[in-house]
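The residues making up each chain are set out below.
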Amino acid sequence: MKKVGLIIASIILAAVAISCGETGNKTKQVEEKKFEAIEVSIDSLLTDASALEGKTVRFTAKVDHTCMHGGKRLTVFGSVEGKTLKVDATESSPAFVSSLMGKQVDITGIVRKLPDSHVADCEADEGNEVTTFAYVVECLTYEELK
């Protein structure tokens, strides 16, 4: 009877050890998930985003503005004076925090063309159409650079 109890206990311990090990591996896989993206400069996006429409891109830019209405949009810029690009949050990206303003960020996202009326600033031009913005990046991930 003792042998049967030891065998059952051993089987239970082995099952627990195996299940714990699988959970740890699944967590690591989620954390290590990377998106295959085309490396581009923010300036090339500002100059000709149409060439990358529908493609997943990765770029670094400086944050000009963070939307205060739930952190759903960033405005970023490069060295092209007077040109900015909107970056929209998605379900897969965390909300943008106001502390990002003025910081460098690394962004991975999908370039999308939107009707001009959907690209108005979240606060300053609310209700106004902005004709200079026809492309946005739907953010998949972002990281603040130090």
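Residues numbered from 1 in each chain as written. Predicted model: local features only at pLDDT ≥ 70, side-chain atom pairs only at ≥ 80, totals over all residues. Heavy atoms only, no water.

1. As for the pattern of salt bridges
Line of reasoning, step 1. Here the structure, examined in full by the defined rule, presents five salt bridges.
Line of reasoning, step 2. One salt bridge in this structure joins arginine 73 and aspartate 88, with 2.6 Å as the shortest N-O distance. Of this pair, arginine 73 sits in strand β3 (residues 73–77) while aspartate 88 sits in strand β4 (residues 84–88); the two residues are 15 residues apart in sequence, bridging distant segments of the chain.
Line of reasoning, step 3. Residue aspartate 88 is classed as buried on the basis of its relative accessible area, which comes to 15%.
Line of reasoning, step 4. In this structure, glutamate 144 engages lysine 103 in a salt bridge whose closest nitrogen and oxygen atoms are separated by 3.3 Å. Linking glutamate 144 in strand β6 (residues 135–144) with lysine 103 in the loop between β4 and β5 (104–113), this pair joins segments that are 41 residues apart in sequence.
Line of reasoning, step 5. Linked by salt bridges that have partners in common, Glu39, Arg58 and Asp106 make up one network. (Salt bridge = Lys/Arg side-chain N within 4 Å of Asp/Glu carboxyl O. Helix = DSSP H or I, 4+ residues; strand = E, 2+ residues; numbered from the N terminus. Buried < 20%, exposed > 50% of the residue type's maximum accessible area, 1.4 Å probe, protein only.)

2. Here's the deal with the confidence of the model for the protein
Line of reasoning, step 1. Counting all residues, the mean pLDDT for the protein is 76, and 65% of those residues have values of 70 or more.
Line of reasoning, step 2. Segment residues 13–32: pLDDT under 50, and zero contacts once partners within four positions in sequence are set aside and those in other chains are kept.
Line of reasoning, step 3. A low-confidence stretch, residues 128–133 stays under pLDDT 50, and its non-local contacts, those more than four residues away or across chains, total twelve contacts. (pLDDT = per-residue confidence, 0-100. Contact = heavy atoms within 4.5 Å.)

3. Here's the deal with the nonpolar core
Line of reasoning, step 1. Counting residues in each nonpolar core, the largest one holds 23 residues, and the members touching the most others are Leu45, Phe59, Val76, Val87 and Ile107.
Line of reasoning, step 2. Those elements that provide at least two residues to this core are α2 (42–48), β2 (56–66), β3, β4, β5 and β6.
Line of reasoning, step 3. Other than its neighbours up to four places away in sequence, phenylalanine 59 contacts Val40, Ser41, Ile42, Leu45, Val76, Leu85, Val87, Val105, Asp106, Ile107 and Val137. (Core = buried A, V, L, I, M, F, W, Y, C linked by side-chain atoms within 4.5 Å.)

4. Considerations on the pairing of β5
The side chains of a regular strand alternate between the sheet's two faces.
Line of reasoning, step 1. Among the ten residues of β5, seven are classified as buried, and the element is accordingly described as predominantly covered.
Line of reasoning, step 2. In this sheet, β5 lies alongside β2 in antiparallel orientation, the contact comprising seven bridges. Within β5, the position partnered with phenylalanine 59 by the bridge is isoleucine 107.
Line of reasoning, step 3. With nine bridges joining them, β5 and β6 adopt antiparallel strand pairing. (Pairing = 2+ DSSP bridges.)

5. Some remarks on the pairing of β4
Line of reasoning, step 1. With four of its five residues buried, β4 lies for the most part within the structure.
Line of reasoning, step 2. Across five bridges, the pairing between β3 and β4 is antiparallel. Its bridge partner being in β4, arginine 73 is matched across the sheet by aspartate 88.
Line of reasoning, step 3. The sheet contact formed by β4 and β6 spans three bridges and is parallel. What sits directly across from valine 87, in β6, is valine 137.

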